[in-house]
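Geometric and topological summary
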Amino acid sequence: MAWRCSGNTNKQLIANMSAANIISSEEVAKAMAKVDRANYVRHQSLAYEDTPQTIGFGATISAPHMHAYAASHLLTHLRAGARVLDIGSGSGYLAAVFHHLVGPTGTVVGIEHVGELAKWSIENLRRDGLGKALDDGRIVIVTGDGREGPYDAIHVGAAAPTVPPKLIEQLARSGRMFIPVGTYIQNIQHIDKDADGKVTRKEVMGVSLLLLDFLAQLRYVFTLAPFHFICSPSIFSPRSLPRGWIMLLSVMWLWECRQRLGNGNTYRKWATLMIFECCATY
(Lines give C-alpha, C1' and ligand atoms only; values in the text may rest on other atoms or scores of the structure.)
Protein backbone atom coordinates (compact mmCIF):
# COMPACT_ATOMS: atom_id res chain seq x y z
CA MET A 1 0.00 0.00 0.00
CA ALA A 2 1.42 3.34 -1.03
CA TRP A 3 0.57 5.16 2.18
CA ARG A 4 2.77 2.71 4.09
CA CYS A 5 5.79 4.20 2.32
CA SER A 6 6.03 7.19 4.66
CA GLY A 7 9.43 7.77 6.21
CA ASN A 8 11.19 9.89 8.79
CA THR A 9 13.59 11.33 6.19
CA ASN A 10 13.59 11.96 2.46
CA LYS A 11 16.04 9.07 2.02
CA GLN A 12 13.81 6.70 3.96
CA LEU A 13 10.71 7.77 2.02
CA ILE A 14 12.40 7.03 -1.29
CA ALA A 15 13.81 3.74 0.01
CA ASN A 16 10.32 2.66 1.10
CA MET A 17 8.84 3.50 -2.30
CA SER A 18 11.63 1.57 -3.99
CA ALA A 19 11.02 -1.42 -1.71
CA ALA A 20 7.31 -1.27 -2.62
CA ASN A 21 8.29 -1.18 -6.33
CA ILE A 22 6.60 2.20 -6.77
CA ILE A 23 10.01 3.44 -7.85
CA SER A 24 11.63 0.84 -10.10
CA SER A 25 14.09 3.11 -11.88
CA GLU A 26 17.45 4.16 -10.48
CA GLU A 27 17.18 7.43 -12.44
CA VAL A 28 13.91 8.36 -10.76
CA ALA A 29 15.23 7.37 -7.33
CA LYS A 30 18.34 9.51 -7.79
CA ALA A 31 16.34 12.50 -9.06
CA MET A 32 13.89 12.35 -6.16
CA ALA A 33 16.76 11.95 -3.70
CA LYS A 34 18.13 15.29 -4.90
CA VAL A 35 14.85 17.08 -4.13
CA ASP A 36 14.12 17.47 -0.43
CA ARG A 37 10.34 17.40 -0.06
CA ALA A 38 10.63 19.43 3.15
CA ASN A 39 11.38 22.47 0.99
CA TYR A 40 8.06 22.14 -0.84
CA VAL A 41 5.45 21.65 1.89
CA ARG A 42 3.81 24.06 4.30
CA HIS A 43 4.52 21.94 7.38
CA GLN A 44 7.92 20.29 7.47
CA SER A 45 6.97 17.84 10.22
CA LEU A 46 4.76 16.09 7.64
CA ALA A 47 7.17 16.39 4.72
CA TYR A 48 7.90 12.69 4.36
CA GLU A 49 4.37 11.38 4.79
CA ASP A 50 3.20 9.53 1.69
CA THR A 51 -0.05 11.44 1.47
CA PRO A 52 -1.21 14.56 -0.38
CA GLN A 53 -1.06 17.74 1.71
CA THR A 54 -2.76 21.10 1.42
CA ILE A 55 -0.55 23.99 0.29
CA GLY A 56 -3.22 26.67 0.41
CA PHE A 57 -5.51 28.35 -2.14
CA GLY A 58 -7.48 25.12 -2.53
CA ALA A 59 -4.43 23.28 -3.88
CA THR A 60 -2.43 20.30 -2.66
CA ILE A 61 0.97 18.81 -3.21
CA SER A 62 0.37 15.28 -4.44
CA ALA A 63 1.49 12.27 -2.46
CA PRO A 64 5.10 11.25 -3.12
CA HIS A 65 3.99 7.97 -4.69
CA MET A 66 2.00 9.92 -7.30
CA HIS A 67 5.07 12.02 -8.11
CA ALA A 68 7.08 8.81 -8.41
CA TYR A 69 4.49 7.30 -10.77
CA ALA A 70 4.45 10.46 -12.90
CA ALA A 71 8.23 10.57 -13.24
CA SER A 72 8.38 6.84 -13.97
CA HIS A 73 5.65 6.92 -16.63
CA LEU A 74 7.30 9.87 -18.39
CA LEU A 75 10.86 8.64 -17.91
CA THR A 76 11.48 7.48 -21.48
CA HIS A 77 10.62 11.02 -22.64
CA LEU A 78 12.66 12.81 -19.97
CA ARG A 79 15.92 12.37 -21.80
CA ALA A 80 18.81 14.82 -21.57
CA GLY A 81 17.90 18.10 -23.24
CA ALA A 82 14.13 17.44 -23.28
CA ARG A 83 11.54 20.20 -22.88
CA VAL A 84 9.00 19.46 -20.15
CA LEU A 85 5.72 21.18 -19.28
CA ASP A 86 4.31 20.77 -15.74
CA ILE A 87 0.74 22.09 -15.61
CA GLY A 88 -0.47 22.90 -12.12
CA SER A 89 3.09 23.02 -10.82
CA GLY A 90 1.95 24.04 -7.33
CA SER A 91 4.86 23.89 -4.88
CA GLY A 92 7.44 23.32 -7.62
CA TYR A 93 8.42 19.88 -6.33
CA LEU A 94 7.86 17.89 -9.50
CA ALA A 95 9.43 20.61 -11.64
CA ALA A 96 12.58 20.11 -9.56
CA VAL A 97 12.47 16.34 -10.06
CA PHE A 98 11.99 16.77 -13.82
CA HIS A 99 14.92 19.20 -13.89
CA HIS A 100 17.26 16.60 -12.45
CA LEU A 101 16.03 14.03 -14.98
CA VAL A 102 16.45 16.17 -18.12
CA GLY A 103 19.82 17.51 -17.00
CA PRO A 104 21.53 20.86 -17.56
CA THR A 105 20.61 21.00 -21.26
CA GLY A 106 16.89 20.44 -20.66
CA THR A 107 14.13 22.93 -19.85
CA VAL A 108 11.25 22.55 -17.42
CA VAL A 109 8.34 24.99 -17.54
CA GLY A 110 5.91 25.00 -14.64
CA ILE A 111 2.48 26.58 -15.11
CA GLU A 112 0.55 27.65 -12.01
CA HIS A 113 -2.60 29.76 -12.25
CA VAL A 114 -2.45 30.94 -8.62
CA GLY A 115 0.09 33.76 -8.53
CA GLU A 116 0.85 33.35 -4.83
CA LEU A 117 1.68 29.67 -5.34
CA ALA A 118 3.88 30.44 -8.34
CA LYS A 119 5.86 32.94 -6.25
CA TRP A 120 6.11 30.50 -3.34
CA SER A 121 7.29 27.70 -5.64
CA ILE A 122 10.15 29.88 -6.89
CA GLU A 123 11.17 30.48 -3.28
CA ASN A 124 11.01 26.72 -2.68
CA LEU A 125 13.21 25.96 -5.68
CA ARG A 126 15.81 28.49 -4.58
CA ARG A 127 15.75 27.07 -1.05
CA ASP A 128 16.41 23.64 -2.56
CA GLY A 129 19.55 24.89 -4.32
CA LEU A 130 18.07 25.45 -7.77
CA GLY A 131 18.46 29.23 -7.93
CA LYS A 132 21.01 29.04 -10.77
CA ALA A 133 18.69 26.83 -12.83
CA LEU A 134 15.97 29.46 -12.39
CA ASP A 135 18.33 32.30 -13.27
CA ASP A 136 19.57 30.46 -16.38
CA GLY A 137 16.04 29.70 -17.58
CA ARG A 138 16.43 25.93 -17.25
CA ILE A 139 13.48 26.02 -14.83
CA VAL A 140 10.75 28.53 -15.61
CA ILE A 141 7.68 29.09 -13.42
CA VAL A 142 4.87 30.97 -15.12
CA THR A 143 1.60 32.28 -13.71
CA GLY A 144 -1.15 31.35 -16.15
CA ASP A 145 -3.01 28.46 -17.74
CA GLY A 146 -0.79 27.49 -20.66
CA ARG A 147 2.53 27.92 -22.47
CA GLU A 148 3.33 27.30 -26.11
CA GLY A 149 5.27 24.14 -26.91
CA PRO A 150 6.16 21.82 -28.34
CA TYR A 151 7.12 19.71 -25.32
CA ASP A 152 8.62 16.23 -25.20
CA ALA A 153 6.79 15.47 -21.95
CA ILE A 154 3.72 17.08 -20.39
CA HIS A 155 2.57 16.39 -16.84
CA VAL A 156 -0.87 17.58 -15.76
CA GLY A 157 -1.33 17.74 -12.01
CA ALA A 158 -5.11 18.24 -11.90
CA ALA A 159 -7.89 16.18 -13.42
CA ALA A 160 -9.70 17.34 -16.56
CA PRO A 161 -13.09 16.00 -17.71
CA THR A 162 -11.55 15.42 -21.14
CA VAL A 163 -8.09 15.87 -22.61
CA PRO A 164 -7.78 19.51 -23.76
CA PRO A 165 -7.02 19.56 -27.50
CA LYS A 166 -4.68 22.52 -26.94
CA LEU A 167 -2.40 20.31 -24.84
CA ILE A 168 -2.28 17.67 -27.56
CA GLU A 169 -1.20 20.41 -29.97
CA GLN A 170 1.61 21.38 -27.60
CA LEU A 171 2.88 17.79 -27.39
CA ALA A 172 5.93 17.24 -29.55
CA ARG A 173 6.18 14.35 -31.98
CA SER A 174 7.44 11.25 -30.14
CA GLY A 175 6.25 12.93 -26.92
CA ARG A 176 4.03 11.77 -24.06
CA MET A 177 1.46 13.42 -21.81
CA PHE A 178 0.60 12.08 -18.32
CA ILE A 179 -2.86 13.35 -17.40
CA PRO A 180 -5.71 12.35 -15.05
CA VAL A 181 -9.00 12.36 -16.95
CA GLY A 182 -12.50 12.17 -15.48
CA THR A 183 -14.91 14.04 -13.27
CA TYR A 184 -15.24 12.17 -9.97
CA ILE A 185 -13.25 9.03 -10.60
CA GLN A 186 -10.31 9.57 -12.90
CA ASN A 187 -7.94 7.43 -14.89
CA ILE A 188 -4.36 8.37 -15.61
CA GLN A 189 -3.90 8.37 -19.36
CA HIS A 190 -0.83 8.28 -21.55
CA ILE A 191 -1.34 10.50 -24.56
CA ASP A 192 1.40 9.53 -27.00
CA LYS A 193 2.21 11.26 -30.28
CA ASP A 194 4.39 9.26 -32.66
CA ALA A 195 6.98 10.56 -35.12
CA ASP A 196 4.30 11.01 -37.79
CA GLY A 197 2.02 13.00 -35.46
CA LYS A 198 -0.46 10.18 -34.82
CA VAL A 199 -2.00 10.38 -31.32
CA THR A 200 -2.86 7.33 -29.23
CA ARG A 201 -4.38 7.13 -25.77
CA LYS A 202 -3.95 4.48 -23.10
CA GLU A 203 -5.44 4.26 -19.61
CA VAL A 204 -2.71 3.13 -17.23
CA MET A 205 -4.20 3.42 -13.72
CA GLY A 206 -7.23 4.59 -11.85
CA VAL A 207 -7.07 7.45 -9.37
CA SER A 208 -9.49 9.67 -7.49
CA LEU A 209 -7.76 13.00 -7.16
CA LEU A 210 -10.75 14.88 -5.80
CA LEU A 211 -11.20 12.30 -3.04
CA LEU A 212 -7.50 12.33 -2.23
CA ASP A 213 -7.49 16.12 -1.95
CA PHE A 214 -10.49 16.02 0.41
CA LEU A 215 -8.90 13.38 2.58
CA ALA A 216 -5.61 15.25 2.57
CA GLN A 217 -7.25 18.31 4.06
CA LEU A 218 -9.14 16.26 6.66
CA ARG A 219 -6.01 14.32 7.63
CA TYR A 220 -3.97 17.48 7.94
CA VAL A 221 -6.55 19.34 10.02
CA PHE A 222 -6.84 16.50 12.47
CA THR A 223 -3.10 16.07 12.74
CA LEU A 224 -3.19 19.49 14.43
CA ALA A 225 -6.50 18.92 16.22
CA PRO A 226 -4.98 17.39 19.40
CA PHE A 227 -2.89 20.51 19.89
CA HIS A 228 -6.04 22.61 19.54
CA PHE A 229 -7.79 20.46 22.12
CA ILE A 230 -4.91 20.80 24.59
CA CYS A 231 -3.87 24.42 24.03
CA SER A 232 -7.14 26.16 23.24
CA PRO A 233 -10.34 24.09 23.31
CA SER A 234 -12.31 27.18 22.33
CA ILE A 235 -10.65 27.18 18.90
CA PHE A 236 -11.78 23.68 17.99
CA SER A 237 -14.20 22.05 20.37
CA PRO A 238 -15.76 18.60 19.97
CA ARG A 239 -18.99 20.12 21.30
CA SER A 240 -19.40 21.81 17.93
CA LEU A 241 -19.43 18.48 16.09
CA PRO A 242 -22.20 15.85 15.97
CA ARG A 243 -21.48 12.61 17.85
CA GLY A 244 -21.29 10.70 14.58
CA TRP A 245 -18.51 12.95 13.31
CA ILE A 246 -16.56 12.45 16.54
CA MET A 247 -16.80 8.68 16.13
CA LEU A 248 -15.76 8.90 12.47
CA LEU A 249 -12.78 11.14 13.26
CA SER A 250 -11.71 8.83 16.08
CA VAL A 251 -11.68 5.89 13.67
CA MET A 252 -9.72 7.99 11.17
CA TRP A 253 -7.18 8.78 13.85
CA LEU A 254 -6.75 5.16 14.87
CA TRP A 255 -6.17 4.27 11.22
CA GLU A 256 -3.74 7.19 10.86
CA CYS A 257 -1.80 6.06 13.93
CA ARG A 258 -1.52 2.53 12.62
CA GLN A 259 0.01 3.87 9.40
CA ARG A 260 2.46 6.17 11.14
CA LEU A 261 3.51 3.91 14.01
CA GLY A 262 4.93 1.47 11.50
CA ASN A 263 7.54 4.14 10.71
CA GLY A 264 8.52 4.81 14.31
CA ASN A 265 6.45 7.97 14.86
CA THR A 266 4.77 8.50 18.23
CA TYR A 267 1.23 9.41 17.32
CA ARG A 268 -0.47 6.97 19.73
CA LYS A 269 -0.48 9.60 22.48
CA TRP A 270 -2.10 12.18 20.20
CA ALA A 271 -4.92 9.81 19.22
CA THR A 272 -5.48 8.77 22.82
CA LEU A 273 -5.73 12.39 23.95
CA MET A 274 -8.22 13.13 21.19
CA ILE A 275 -10.47 10.19 22.09
CA PHE A 276 -10.34 10.92 25.82
CA GLU A 277 -11.22 14.57 25.13
CA CYS A 278 -14.17 13.53 23.00
CA CYS A 279 -15.42 11.06 25.61
CA ALA A 280 -15.05 13.62 28.39
CA THR A 281 -17.06 16.16 26.42
CA TYR A 282 -19.96 13.81 25.98
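Here, every reference points to the structure presented above.
This write-up is about the structure you can find in this document. (Residues numbered from 1 in each chain as written. Predicted model: local features only at pLDDT ≥ 70, side-chain atom pairs only at ≥ 80, totals over all residues. Heavy atoms only, no water.)

1. What about the overall build of the protein chain?
What counts, and what does not: For helices the rule is a DSSP run of H or I covering at least 4 residues; for strands it is a run of E covering at least 2, with both sets numbered from the N terminus onward. Relative accessibility under 20% of the residue-type maximum defines a buried residue, over 50% an exposed one, and the middle range a partly exposed one, all with a 1.4 Å probe and only protein chains included. Contact definition: two residues touch when any of their heavy atoms are within 4.5 Å. What sets the accessible areas is the Shrake-Rupley method with a 1.4 Å probe; for residues, cover comes only from the shown protein chains.
Summing up its helical and strand segments, the protein chain has 10 helices and 9 strands in all. A burial count over the protein chain gives 51% of its 282 residues as buried. A separation of at least 24 residues holds for 56% of the contacts in the protein chain among residues at least 6 apart in sequence. Accessible surface computed for the protein chain: about 13400 Å², of which carbon and sulfur atoms make up 56%.

2. With respect to the packing of helix H1 (residues 10-19) against helix H2 (residues 26-33)
Put simply, the test is: Every axis in this analysis is a line fitted to C-alpha atoms, fitted for helices over the stretch in contact. Angles between the N-to-C directions lie between 0 and 180 degrees. Each angle receives one of four descriptions, namely roughly parallel if under 35 degrees, roughly antiparallel if over 145, roughly perpendicular if within 65 to 115, and oblique otherwise. Left-handed describes a crossing whose near helix is turned anticlockwise from the far helix through less than a right angle; right-handed describes the clockwise counterpart. Three classes are used: nonpolar for Ala, Val, Leu, Ile, Met, Phe, Trp, Tyr, Cys and Pro, charged for Asp, Glu, Lys and Arg, and polar for all others, with Gly counted as polar.
The contact between H1 and H2 brings their axes to 10 Å, and the two run at 160°. Taken together, the axes of H1 and H2 are roughly antiparallel relative to one another. Crossing angle aside, the handedness with which H1 passes H2 is right-handed. Together, Asn10, Ile14, Met17 and Ser18 of H1 and Ala29, Met32 and Ala33 of H2 make up the contact between the two elements. Among the residues forming the contact of H1 with H2, the class breakdown is 5 nonpolar, 2 polar and no charged.

3. What about the packing of aromatic side chains?
Stated precisely, the cut-off is as follows: Two rings from Phe, Tyr or Trp (for Trp, the six-membered ring) form a pair when their centres sit within 6.5 Å of each other. Planes less than 30 degrees apart are called stacked, planes more than 60 degrees apart edge-to-face, and all others tilted. In this scheme, Lys NZ or Arg CZ marks a charge over a ring once it lies within 6 Å of the ring centre and within 35 degrees of the ring normal.
For the structure shown, the criterion picks out 1 aromatic pair. Arranged with centres 5.6 Å apart and planes meeting at 85°, the rings of tyrosine 40 and tyrosine 93 form a pair that is edge-to-face. Of the two residues, tyrosine 40 sits in the loop between H2 and strand S1 (53-56) while tyrosine 93 sits in helix H4 (residues 93-102), which places them 53 residues apart along the sequence. The ring of tyrosine 93 carries the charged tip of arginine 37 above its face, separated from the ring centre by 5.8 Å. When the ring centre of tryptophan 120 is taken as reference, the NZ or CZ atom of arginine 42 above it lies at 3.8 Å.

4. Things to note about the side chain of aspartate 86
Its place among the elements puts aspartate 86 in strand S3 (residues 83-87). Here aspartate 86 is in contact with Leu94, Ala95, Phe98, Val109, Gly110, Ile111 and His155, once residues within four sequence places are set aside.

5. Describing the nonpolar core
Defined as follows: Nine residue types can take part in a nonpolar core, namely buried Ala, Val, Leu, Ile, Met, Phe, Trp, Tyr and Cys, and a core is a set of them joined through side-chain atoms within 4.5 Å.
By size, the foremost hydrophobic cluster in this structure holds 50 residues, and its most contacted members are Met17, Ile23, Met32, Tyr40, Leu78, Val97 and Leu125. Among the elements that make up this core, the one with the highest residue count is H4 (8 residues). In this view, valine 97 contacts Ala31, Met32, Val35 and Ala71; residues no more than four positions away in its chain are not counted.

6. Here we look at H4
The element H4 is largely enclosed, with a buried count of 9 among its 10 residues. Within H4 the residues assigned to the buried category are Tyr93, Leu94, Ala95, Ala96, Val97, Phe98, His99, Leu101 and Val102. A positive backbone phi angle near 80° is found at glycine 103, which sits one or two residues after H4.

7. Section: the environment of lysine 202
You can see lysine 202 is positioned in strand S9 (residues 199-207). For the pair lysine 202 and isoleucine 191, spaced 11 residues apart in sequence, the C-alpha to C-alpha distance is 6.7 Å. Contact partners of lysine 202, with chain neighbours within four places excluded, come to Ile188, Gln189 and His190.

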